[in-house]
Amino acid sequence: MQGWIPALILGIAALLGAVFLYNTVGRGHRASLIVLGAGALTGVAGALLFMLPLNFCTFEQEHDIIDQVFGVLLIAIGMAITLLPARWVLTRLLNKQSFLAVDASPGAFKGIILPFVFLAPTLIILAVFLYYPSLETFRLSTLLARLGAPRTAFVCVDNFTRLVDDSTYFNTVVVTLLISLAIVVIGLILSLFVAVLAYQPVKGARIYRTLLIWPYAISPVVAGVIFLLMFNPTGGIINYGLDSVFGIQIPWLNDPSVAPWAVILASVWKSMGYNILFYIAGLQNVPKDLLEAASIDGANLVRRFLQITIPLLSPITFFLVITNLTYAFFETFGTIDYLTGGGPLNSTTTMMYRIYQIGIRNNDLGKAAAESIILFVMVIGLTVIQFRTSGNQVTYGA
């Protein structure tokens, strides 16, 4: 790589950082020169955040244009990571604002040292078991590493960019999104329906509610085994019932167009207990006087449910969408492994299950690490989109 390329990249990063902070914080301020300098330094730091470990390898001549585009993307992400906190810090420094919110309520900590002392065990655990493994995953994603092999080789970002030409990976992404969407939508609709029924004042309601929550305590592996027995094409109880009533048998686990529905149904059943628990708690907080007032005004049962109950349950629904989406992406592995094993024809191979196949079965740890980072970024992106698009429609309070 030519030596002037890193210098050019860092120069552009310094210029963009200075312009960003000047336009957002320092415009018209007496300390504008300080803001420009801080912006330049922060921009350079952001560019080096990923490029320093990679030694600017994405811009070497032997790499393709896709590697260079990926390198620019990494620089942009690194600059966002450094510039946004820098803007927050400079805004408070220039406006002489405190970095910590002042809490004058009784029992609040008066200093900042004691709270951090109490938080230290949690911060240490997070650093050891979350942040350090995350950094190691990023390092591993830049290596050609085989499970059990003593040596590794640096391959820059090839583990990421080669996925662009991998059609099976895009098929896996589509399968993951469709299965996750079905689990979230079907799961929440059925859970709300069952919660409304279980909330009715019937005899033994507490027993019914307790039994409905039980599936949540079962592990995904056990759920996979249970539904494997139920969906067994030859001896399963579901096909036995369908054959007895309708005279048909469905190849639940052998047909690529049907097998995803077996995974979806098993996953929905597994998550329904959790959803029902929250919806029942939410229904208990819907003001009865509000429903009675609407009834007096002539609103029927359906209209009261659609225009009063559902809006008041929107905070819980929003929370459940996020948690169910996370569950669908990360926690359906055990169900898929025991129910379909990712087949048939990869019709139930989700991104999480593919990471296991690539990393453990194919021994390609570097590629599996790269795919795990992409999955992590995708879930964060979907969560941010949820907050941006649905967060404003959530109603808090009657």
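Structure shown above.
Residues numbered from 1 in each chain as written. Predicted model: local features only at pLDDT ≥ 70, side-chain atom pairs only at ≥ 80, totals over all residues. Heavy atoms only, no water.

Asks: Describe the pattern of salt bridges, naming the residues involved and giving the relevant values.
Replies: For the structure on display, the rule yields seven salt bridges. For R361, the salt bridge is made with D337, and the minimal N-O distance between the two is 3.9 Å. One end of the pair, R361, is in helix α15 (residues 351–361); the other, D337, is in helix α14 (residues 333–339), and 24 residues separate them in sequence. Under the relative-accessibility criterion, R361 is labelled partly exposed at 46%. For D337, a relative accessible area of 25% gives the class partly exposed. Among the salt bridges present, the one from R354 reaches E371, with a minimum N-O distance of 3.0 Å. Of the two residues, R354 sits in helix α15 while E371 sits in helix α16 (residues 365–390), which places them 17 residues apart along the sequence. (Salt bridge = Lys/Arg side-chain N within 4 Å of Asp/Glu carboxyl O. Helix = DSSP H or I, 4+ residues; strand = E, 2+ residues; numbered from the N terminus. Buried < 20%, exposed > 50% of the residue type's maximum accessible area, 1.4 Å probe, protein only.)

Asks: I'd love a proper account of the environment of T161, names of residues and values included.
Replies: Of note, T161 is situated in helix α5 (residues 158–161). Overall, the relative accessible area of 7% leaves T161 in the buried class. Sequence separation between T161 and Q68 is 93 residues; the distance between their C-alpha atoms is 9.9 Å. Non-local contacts of T161, meaning those with residues more than four positions away in its chain, are made with I66, D67 and F70. In terms of polar contacts, T161 uses its side chain to reach the side chain of D67, at 2.8 Å. (Contact = heavy atoms within 4.5 Å. Polar contact = N/O pair within 3.5 Å; in protein donor to acceptor, adjacent residues only side chain to side chain.)

Asks: How would you sum up the side chain of N275? Please name residues and give values.
Replies: Counting through the fold element by element, N275 comes out in helix α10 (residues 259–284). Classification of N275 by relative accessible area gives buried; the value is 0%.

Asks: So, a nonpolar patch on the surface: which residues are in play, and what are the values?
Replies: Taken together, the side chains of F109, I112, I113, L114, F116, V117, F118, L119, L123, L126, L130 and Y131 define a hydrophobic patch exposed on the protein surface, amounting to about 1,200 Å² of accessible area. On the secondary structure map, F118 appears in helix α4 (residues 113–140). On the accessibility criterion, F118 (52% relative accessible area) is exposed. (Patch = residues over 30% accessible without salt bridge, like charges linked within 9 Å, V, L, I, M, F, W, Y side chains within 5 Å. Areas by Shrake-Rupley, 256 points an atom, 1.4 Å probe, with all protein chains shown as cover.)

Asks: I'd like a description of the state of the cysteines, backed by residues and values.
Replies: According to the stated counting rule, one finds one disulfide in the structure shown. The disulfide partner of C57 is C156, and the S-S distance across this bridge is 1.9 Å. Its S-S torsion of about 80° marks the bond between C57 and C156 as right-handed, since a negative value means left-handed. Of this pair, C57 sits in the loop between α2 (32–54) and α3 (65–94) while C156 sits in the loop between β2 (152–154) and α5, and the two are 99 residues apart along the sequence. (Disulfide = S-S within 2.5 Å.)

Asks: Describe the side chain of S271, naming the residues involved and giving the relevant values.
Replies: With respect to the secondary-structure elements, S271 resides in helix α10. Residue S271 is classed as buried on the basis of its relative accessible area of 6%. Residues in contact with S271, not counting those within four places in the same chain, are N324 and Y327.

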